[in-house]
Amino acid sequence: SANEDIINVVLDTTKQPLRLALVGAALCAKLAQDPDVEPEVYRALKLHLEDTAIEIIDRASQQRNLAYALLVRKSSKWGGLTVLELAVELDLKTFLAHRTIQLIVALEWWIGKFPQS
């Protein structure tokens, strides 16, 4: 759709597309609750943005430790939150349920740190 094309252009030009996609997904979820707008449009955009965030993690997981770094690096520009903390704060369950994110959360929980080997 035209909206998805605009979103893709914006994500391609930002330095932090993962964080921006997550914030955009949460914003669209909030807008979809407004009865004065077309909720199905915003639900579709939320799914697109969350899928885009998952796609970024999928691509990053092909390089050793890159997905981990993207998920746990704190950003002073985003209130000191990691991507994982941001996703939890924004209640993005589809993103948090993704297999790579679940693996990293499990490793953090059970091992206390991501293994280097």
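Anything mentioned here points back to the structure above.
Residues numbered from 1 in each chain as written. Predicted model: local features only at pLDDT ≥ 70, side-chain atom pairs only at ≥ 80, totals over all residues. Heavy atoms only, no water.

Quick look at the side chain of T100
Point 1. Structurally, T100 can be placed in helix α7 (residues 99-111).
Point 2. Exposure remark for T100: the relative accessible area of 12% places this residue in the buried category.
Point 3. With sequence-adjacent residues up to four places away left out, T100 is seen in contact with I57, D58, S61 and A67. (Helix = DSSP H or I, 4+ residues; strand = E, 2+ residues; numbered from the N terminus. Buried < 20%, exposed > 50% of the residue type's maximum accessible area, 1.4 Å probe, protein only. Contact = heavy atoms within 4.5 Å.)

With respect to the pattern of salt bridges
Point 1. Per the counting criterion, the structure on display carries five salt bridges.
Point 2. For K46, the salt bridge goes to E50, with nearest N and O atoms at 2.4 Å. Taken together, the residues span about one helical turn, with K46 and E50 both in helix α3 (residues 39-60) at a distance of four residues. As far as burial versus exposure is concerned, K46 and E50 are alike and both buried. (Salt bridge = Lys/Arg side-chain N within 4 Å of Asp/Glu carboxyl O.)

Quick word on the packing of helix α2 (residues 17-31) against α3
Point 1. Contact pair α2 / α3: the axes reach a minimum separation of 8 Å and the direction vectors enclose 160°. Between α2 and α3, the angle is such that the two are roughly antiparallel. When the axes of α2 and α3 are compared, the crossing they make is left-handed. Where α2 approaches α3, its residues P17, L18, A21, L22, G24, A25, C28, A29 and L31 are matched on the opposing element by Y42, L45, K46, L49, E50, A53, I56 and I57.
Point 2. Residue composition of the contact of α2 with α3, grouped by class: 14 nonpolar, one polar and two charged. (Axes fitted to C-alpha atoms, helices over the stretch in contact; angles between N-to-C directions. Parallel < 35°, antiparallel > 145°, perpendicular 65-115°, else oblique. Left-handed = near helix turned anticlockwise from the far one by under 90°. Nonpolar A, V, L, I, M, F, W, Y, C, P; charged D, E, K, R; others polar.)

Concerning a nonpolar patch on the surface
Point 1. Residues W109, W110 and I111 make up a contiguous nonpolar surface patch of roughly 490 Å² in combined accessible area.
Point 2. Under the relative-accessibility criterion, W109 is labelled exposed at 67%. (Patch = residues over 30% accessible without salt bridge, like charges linked within 9 Å, V, L, I, M, F, W, Y side chains within 5 Å. Areas by Shrake-Rupley, 256 points an atom, 1.4 Å probe, with all protein chains shown as cover.)

So, unusual backbone geometry
Point 1. Phi is positive for D91, close to 60°, though the residue is something other than glycine.
Point 2. Inspection of the secondary structure assignment puts D91 in the loop between α5 (83-89) and α6 (93-96).
Point 3. Take D91: its relative accessible area is 47%, and that puts it in the partly exposed class.

Points about the nonpolar core
Point 1. L18, L22, I57, L71, F95 and I101 are the most contacted members of the largest nonpolar core, which totals 24 residues.
Point 2. Elements represented by at least two residues in this core include exactly α2, α3, α4 (66-72), α5, α6 and α7.
Point 3. At seven residues, the largest contribution of residues to this core is made by α3.
Point 4. Contacts of L22, omitting those with residues within four sequence positions, involve A53, V83, A87, L90, L92 and F95. (Core = buried A, V, L, I, M, F, W, Y, C linked by side-chain atoms within 4.5 Å.)

Comments concerning the environment of I101
Point 1. Mapped onto the elements, I101 comes out in helix α7.
Point 2. With relative accessibility at 0%, the residue I101 sits in the buried group.
Point 3. Counting along the chain gives 43 residues from I101 to D58, while the straight-line C-alpha distance between them is 9.6 Å.
Point 4. Leave out the neighbours within four places in its chain, and I101 touches I57, L71, L84, F95 and L96.

Everything listed here is a matter of geometry and, on its own, says nothing about what the molecule does.
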